[in-house]
Amino acid sequence: MRIGIMGLGRIGSFRAETLAGLDGVDSLVVTDPVAAAVATAAERFGAAVVDSPEAVLAAGVDGVVIAAATDTHPDLILAAVKAGIPVFCEKPVARGVEESLEVLRAVEGSGVEVHIGYNRRFDAGCAAARRAVLSGELGDLHTVRSTTLDPAPPPPAYVAVSGGIFRDCGVHDFDIVRWVTGREVVEVYATGGNRGAEYIREAGDVDTASALLTLDDGTIAVISNSRHNARGHDVRLELHGMKDSIAVGLEDRLPLRSVEPGTTFPAGTPHTFFMDRFADAYHAELTAFTEVVAGTRPSPCTVADAIEASWIAEACTLSLREHRPVLLDEVRKG
């Protein structure tokens, strides 16, 4: 199949490399305003270069990957859907939930599949955890812990437009908690602080945050996020049930140092980058998208799924700002 790629920044270039290595992908068509980026893609992957997203859609592609700036996502998704071309788009769907809802309304009933990129759904550990929950082997859950700690904060320009730590970072935890447990969040309480980069505070954001989520069956989910984790990129998930407890990410490259006498775990080199931690998941995610393009499976993460995670981020952002619990129904109505 022939796949188009709109945007060849860090993540777009990584997606191009992954797609070029998939057996089901015969050729790539790429576009980006940066000439050096498209020249590199043409040289490394034999990609055809065109001068606009519109030209990508007109180039006979079977599917399209959107890795351009967030503010372009809605228009690019809708253009691809109008052309009848299946879409993979990096999260988020749009800058805000209201704009995302407009995309959802336009996409619903179109018959065109839209796959939003929440890569943890394709992590082998997260998938095993979901199977353990759904099979009942853990018994009724009572506590879930999801952690995302970055080794260093993103640059000031990124922070200024990110929407805040819950919309940018914590949203991955919100999505995976929903997906693994199969439950919905009904209430949140969030807090945060600043212990590092001053530009994050100046942007009205926090560099470290936690949220307590109450799920619709009474399970409590504890979310931990930080822009500062000097030992590496730490992403973990714990699920504690009445019969058993399991963990995702508890392996030798875990960026956490034990001080227990005689303990050698973890013994490996810590993960330092999200593309390193989730390399296999990214590969599996785009393999799944080729199956969506081929028509052999539906979107594994729809626009509606992405919006549910965004509602949780909105509720946590409001809770952080107003120092109070927030019901999800409150932000949905607001």
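Residues numbered from 1 in each chain as written. Predicted model: local features only at pLDDT ≥ 70, side-chain atom pairs only at ≥ 80, totals over all residues. Heavy atoms only, no water.

Named according to an unreviewed UniProt entry, the protein is Myo-inositol 2-dehydrogenase / D-chiro-inositol 1-dehydrogenase originating from Streptomyces mirabilis. For the record of the protein, the UniProt heading Sequence similarities (unreviewed entry) holds the text "Belongs to the Gfo/Idh/MocA family." (UniProt positions renumbered as here; feature names shortened; annotations may be inferred.)

A closer look at the UniProt feature "domain: Gfo/Idh/MocA-like oxidoreductase N-terminal" (unreviewed entry) in the protein
Within this numbering scheme, the UniProt entry marks residues 1-118 as carrying the feature "domain: Gfo/Idh/MocA-like oxidoreductase N-terminal" (unreviewed entry). Between the end C-alpha atoms of residues 1-118 there is a gap of 23 Å, over a span that is 41% helix and 20% strand. (Helix = DSSP H or I, 4+ residues; strand = E, 2+ residues; numbered from the N terminus.)

Regarding the packing of aromatic side chains
Tallied over the entire structure, the rule returns 5 aromatic pairs. A connected cluster of aromatic rings, assembled from ring pairs, spans F14, F273, F274 and Y282. (Phe/Tyr/Trp six-rings, centres within 6.5 Å; stacked < 30°, edge-to-face > 60°.)

Some thoughts on the UniProt feature "domain: GFO/IDH/MocA-like oxidoreductase" (unreviewed entry) in the protein
UniProt records the feature "domain: GFO/IDH/MocA-like oxidoreductase" (unreviewed entry) for residues 128-246 in the present numbering. Each end of residues 128-246 is marked by a C-alpha atom, and these two atoms are 10 Å apart; helix forms 30% of the span and strand 36%.

So, the pattern of salt bridges
When the charged atoms of two side chains lie near each other, side chains of opposite charge can form a pair. With the rule as written, the count across this model stands at 22 salt bridges. The salt bridge partner of R236 is D234, with a shortest N-O separation of 2.8 Å. Here R253 makes a salt bridge to D276, at a shortest N to O gap of 3.0 Å. With a gap of 23 residues between them, R253 in the loop between β12 (245-248) and α10 (274-277) and D276 in helix α10 connect regions that are remote in the sequence. (Salt bridge = Lys/Arg side-chain N within 4 Å of Asp/Glu carboxyl O.)

Points about the domain arrangement of the protein
According to the domain assignment, the protein contains domain 1 (2-112) and domain 2 (121-273 + 309-333). Distance between the C-alpha centres of domain 1 and domain 2: 28 Å. Between domain 1 and domain 2, the contact holds 5 residues from the first and 8 residues from the second. Buried surface at the junction of domain 1 and domain 2, summed over both partners, amounts to about 490 Å²; 69% is from carbon and sulfur atoms. The tally of links between domain 1 and domain 2 comes to 1 salt bridge. A salt bridge links D168 to K91; the shortest N-O distance between them is 3.8 Å. The tally of links from domain 1 across to domain 2 stands at 1 residue pair in polar contact (both at pLDDT 80 or more). It is helix α5 (residues 97-107) that provides the largest number of residues to the side of domain 1 that touches domain 2, a total of 3 residues. Looking at the side of domain 1 that touches domain 2, its residues break down into 2 nonpolar, no polar and 3 charged. (Domains from an automatic or database assignment. Contact = heavy atoms within 4.5 Å. Buried area = accessible area lost by both parts, 1.4 Å probe. Polar contact = N/O pair within 3.5 Å; in protein donor to acceptor, adjacent residues only side chain to side chain. Nonpolar A, V, L, I, M, F, W, Y, C, P; charged D, E, K, R; others polar.)

Points about the sheet that holds strand β9 (residues 208-215)
In space, the 7 strands of this open sheet follow the order β12-β11-β7-β10-β9-β8-β13, with mixed pairing throughout. Looking at the sheet topology across the chains shown, the edges are occupied by β12 and β13 (326-327). Here helix α8 (residues 165-181) sits on the sheet and contacts β7 (141-149), β8 (185-193), β9, β10 (220-226) and β11 (234-241); the angle it forms with β10, its principal contact strand, is near 150°. Contacting β8, β9 and β13, helix α12 (residues 303-322) runs over the sheet at an angle of about 50° to β8. (Pairing = 2+ DSSP bridges. Axes fitted to C-alpha atoms, helices over the stretch in contact; angles between N-to-C directions.)

Topic: unusual backbone geometry
If a residue is not glycine, its phi is most likely negative; likewise, a peptide bond is most likely trans. A cis amide bond links K91 to the next residue, P92, at an omega of -5°. Inspection of the secondary structure puts P92 in the loop between β5 (87-90) and α5. Across the junction of F265 and P266, the peptide omega takes the value -5°, indicating a cis bond. Even without being glycine, H323 reaches a positive phi, approximately 55°. Looking at the element boundaries, H323 is found in the loop between α12 and β13.

Looking at the sheet that holds strand β2 (residues 27-31)
Each strand in a sheet pairs with its neighbour through backbone hydrogen bonds, running either in the same direction (parallel) or in the opposite one (antiparallel). Here we have 6 strands laid out as an open sheet, ordered β3-β2-β1-β4-β5-β6, and parallel in their pairing. The open sheet has two edge strands with one neighbour each: β3 (48-49) and β6 (114-117). When strand β4 (residues 63-66) meets β5, the two strands line up parallel, connected through 3 bridges. Residue pairing across strands places V65 opposite F88, the latter belonging to β5. Along the sheet face, helix α1 (residues 10-20) touches β1 (2-6), β2, β4 and β5 and points at about 170° away from the line of β1.

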